[in-house]
Amino acid sequence: MASSNARLARWAITAVFGGNGLIIASMVVRTPQLKLDLDLSPAQLGLVSAVFGVSAVPAMQGAGALAARVGSGWVVRVAILVLPLGLVGVGLAPSLVALLALLLGFGAAHGLLDVSMNAHAVAVERALGRPIMNGCHAAWSIGAVAGSLVGSAAAQAGMSRSLHYAVLAAALLPAALVCGRLLLPGYADRRATEATPAARASWRSGWSRRIVGFGAMGATVLTVEAAVANWSGVYLHDNLGASLGAATLGYVAFTACQTAGRLVGDRLQARGSAAGLVATGTLVAAAGLAVIVLSPWPALAVAGFAVVGIGLATPLPVLFGVVGHLGATGSGAATTVARFSTMTYTGILIAPAIIGWVTELVGLTWTLAALIPLLALVARAAGR
């Protein structure tokens, strides 16, 4: 039977995922106000986004080595305190230069937390003897929705970004301290790396053909997610003639169904298999994309986006769990999760630009259609 400590750690790490989603969404939703506050041009705003992502990727690599030495729990404990404070700094930045400097640190903290919280979820899964990763990612989605709604309300009320972020940090920091105390101790996932000090010391550790293959699968899944997030509204409005208000429903349907699917994903995985869940999910998502590109009506296309959300609910959390468990008996869960995260995160950073470039050449309908065989390849790889 799972210990009470493991059960408490399960809820603590789930709350950490939710808090991370809340913070990231709170920053993103106030982007229009940021543009006005610092009088940023479109190019400068693009630089802001790039700096955040660029600083997160190398931090993910460092997180693997750091967690191998001290345990993922300690990295999570520090990162969940730094991230709210970093958000306050972003809200107080008086100039573009100061903002970029603060975002380097904020993005690095996010990269550390992204890897360490997934690695710690793997450690909790091993302690409990059952999957929890889908529930953790569902919490992230719920936190992101909450952050978006609260941020929207704050903007509507005329609240400054600095005050919004200060209030948020004041609420999150005590919760972070409580969650930190409930996480598993450092040795919970440090022992696996102590047996392989040579692997731990090398930045090349954790890379293998399997990890690269899983990383490519994860990057493909996130590319489809990025396509839906960035282009669903454009497709519904420009290609199918939906009103601007109705055009937002595609992403709303996708997010709602993805979150609902993740809430039951752990039960489905416990009853079936990780490979089956990834294969089935990506095939369902491919079917949803087919409905979208073939639909002559906005309402049917919105239903297609909902199907894509159902299909993509579980593949990424399952892949995170599989990769973490592969590393848990070798170079360390945090190390392999860091390698996997780097590939998937890099994919979502470059995906919007690639999709935009391809759309310029062949149009949005054919661009979305081209994602269908990519998802089929992921399903085939999972089946093998």
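Residues numbered from 1 in each chain as written. Predicted model: local features only at pLDDT ≥ 70, side-chain atom pairs only at ≥ 80, totals over all residues. Heavy atoms only, no water.

Colleague: I'd love a proper account of the overall build of the protein, names of residues and values included.
Modeller: Broken down by element type, the protein carries 17 helices and zero strands. The C-alpha radius of gyration computed for the protein amounts to 20 Å, which stays within 12% of the reference 21 Å derived for 384 residues, consistent with globular compactness. Projected onto its principal axes, the C-alpha positions of the protein cover 60 × 50 × 35 Å. The buried share of the protein, reckoned over its 384 residues, is 52%. Sequence-distant contacts in the protein: of pairs separated by 6 or more residues, those separated by 24 or more amount to 85%. Carbon and sulfur atoms form 69% of the exposed surface of the protein, whose accessible area is close to 16500 Å². The average position of the 22 basic charges and that of the 10 acidic charges among the side chains of the protein differ by 13 Å. (Helix = DSSP H or I, 4+ residues; strand = E, 2+ residues; numbered from the N terminus. Rg over C-alpha atoms; globule rule 2.2 N^0.38 Å. Buried < 20%, exposed > 50% of the residue type's maximum accessible area, 1.4 Å probe, protein only. Contact = heavy atoms within 4.5 Å. Areas by Shrake-Rupley, 256 points an atom, 1.4 Å probe, with all protein chains shown as cover. Lys, Arg positive; Asp, Glu negative; His and termini not counted. Charge placed at Lys NZ, Arg CZ, Asp CG, Glu CD.)

Colleague: So what's going on with helix α5 (residues 96-128)? Which residues, and what values?
Modeller: The end-to-end C-alpha distance of α5, which contains 33 residues, comes to 46 Å, matching closely the 48 Å that a straight helix rising 1.5 Å per residue would cover. Downstream of α5 by a residue or two, Gly129 has a phi angle that is positive, lying close to 80°. (Expected span 1.5 Å × (residues − 1).)

Colleague: Go over the side chain of Ser232 with me, naming the residues and quoting the values.
Modeller: In this structure, Ser232 sits in helix α10 (residues 209-239). With relative accessibility at 2%, the residue Ser232 sits in the buried group. Every residue in contact with Ser232, bar those within four places of it in the chain, is listed here: Ala227, Ala247, Gly250, Tyr251 and Phe305.

Colleague: I'd love a proper account of the environment of Ala242, names of residues and values included.
Modeller: With respect to the helices and strands, the residue Ala242 is situated in the loop between α10 and α11 (244-247). Judged by its relative accessible area of 8%, Ala242 falls in the buried class. Along the sequence, Ala242 and Trp297 sit 55 residues apart, while their C-alpha atoms lie 8.6 Å from each other. Apart from the residues within four sequence positions on either side, Ala242 is in contact with Leu236, His237, Ala247 and Pro298.

Colleague: Would you mind going over the pattern of salt bridges in detail, with residue names and values included?
Modeller: All chains considered together, the criterion is met by two salt bridges. Among the salt bridges present, the one from Arg262 reaches Glu225, with a minimum N-O distance of 3.8 Å. Of this pair, Arg262 sits in helix α12 (residues 249-271) while Glu225 sits in helix α10, placing them 37 residues apart in sequence. For the residue pair Arg262 and Glu225, the accessibility class agrees, reading buried in each case. (Salt bridge = Lys/Arg side-chain N within 4 Å of Asp/Glu carboxyl O.)

Colleague: Got a sec to walk through the nonpolar core? Specific residues and values, please.
Modeller: If you look at the biggest cluster of nonpolar residues, it comprises 100 residues, and the most contacted ones within it are Ile13, Phe106 and Val308. Once residues within four sequence positions are removed from consideration, Ile13 is found in contact with Val76, Met117, His120, Ala121, Val124, Ile132, Cys136 and Leu183. (Core = buried A, V, L, I, M, F, W, Y, C linked by side-chain atoms within 4.5 Å.)

Colleague: Can you lay out the side chain of Asp266 for me, pointing to particular residues and giving the numbers?
Modeller: Examined against the element boundaries, Asp266 turns out to sit in helix α12. Apart from the residues lying within four places of it in its own chain, the contact partners of Asp266 are Pro131, Ile132, Met133, Asn134 and Gly135.

Colleague: I'd like to hear about the packing of helix α1 (residues 4-29) against helix α4 (residues 72-92), residue by residue, with values.
Modeller: At a minimum axis distance of 11 Å, the contact between α1 and α4 shows a crossing angle of 20°. Relative to α4, the element α1 is oriented roughly parallel. Crossing of α1 over α4 shows left-handed handedness. Within the contact between the two elements, α1 uses Ile13, Val16, Asn20, Ile23 and Met27 and α4 uses Val76, Ile80, Leu83, Pro84 and Leu87. Class assignment of the residues belonging to the contact of α1 with α4 gives a composition of nine nonpolar, one polar and no charged. (Axes fitted to C-alpha atoms, helices over the stretch in contact; angles between N-to-C directions. Parallel < 35°, antiparallel > 145°, perpendicular 65-115°, else oblique. Left-handed = near helix turned anticlockwise from the far one by under 90°. Nonpolar A, V, L, I, M, F, W, Y, C, P; charged D, E, K, R; others polar.)

Colleague: Outline the state of the cysteines, supporting the account with residue identities and numerical values.
Modeller: For the structure on display, the rule yields zero disulfides. Among the cysteines around Cys136, which has no disulfide bond, Cys179 carries the closest sulfur, lying 11 Å off. (Disulfide = S-S within 2.5 Å.)

Colleague: Tell me about the environment of Ser116, and please be specific about residues and values.
Modeller: On the secondary structure map, Ser116 appears in helix α5. Along the primary structure Ser116 and Trp140 are separated by 24 residues, whereas in three dimensions their C-alpha atoms are 14 Å apart. With near-sequence residues (within four places) excluded, Ser116 lies in contact with Ser72, Val75 and Val76.

Colleague: How would you sum up the packing of α10 against helix α14 (residues 298-311)? Please name residues and give values.
Modeller: Running from N to C, α10 and α14 point in directions that differ by 170°, and their axes come no closer than 12 Å. The pairing of α10 with α14 is recorded here as roughly antiparallel in orientation. Two secondary-structure elements touch here, α10 through Val224, Val228, Ser232 and Leu236 and α14 through Pro298, Ala301, Val302, Phe305 and Val308.

Colleague: Outline the packing of aromatic side chains, supporting the account with residue identities and numerical values.
Modeller: All chains considered together, the criterion is met by three aromatic pairs. Taking 6.1 Å as the distance between ring centres and 20° as the angle between the ring planes, the aromatic pair formed by Tyr251 and Phe254 counts as stacked. One end of the pair is Tyr251 and the other is Phe254, both in helix α12 and three residues apart, which spans about a single turn. Taking relative accessible area as the criterion, Tyr251 reaches 38% and is therefore assigned partly exposed. (Phe/Tyr/Trp six-rings, centres within 6.5 Å; stacked < 30°, edge-to-face > 60°.)

Colleague: For α10, give the residues involved together with the corresponding values.
Modeller: Bending of α10 peaks at approximately 55° at the position of Trp231. Of the residues flanking the end of α10, it is Gly241, one or two places downstream, whose phi is positive at about 75°. (Bend = angle between axes of the 7 residues up to and from the residue.)

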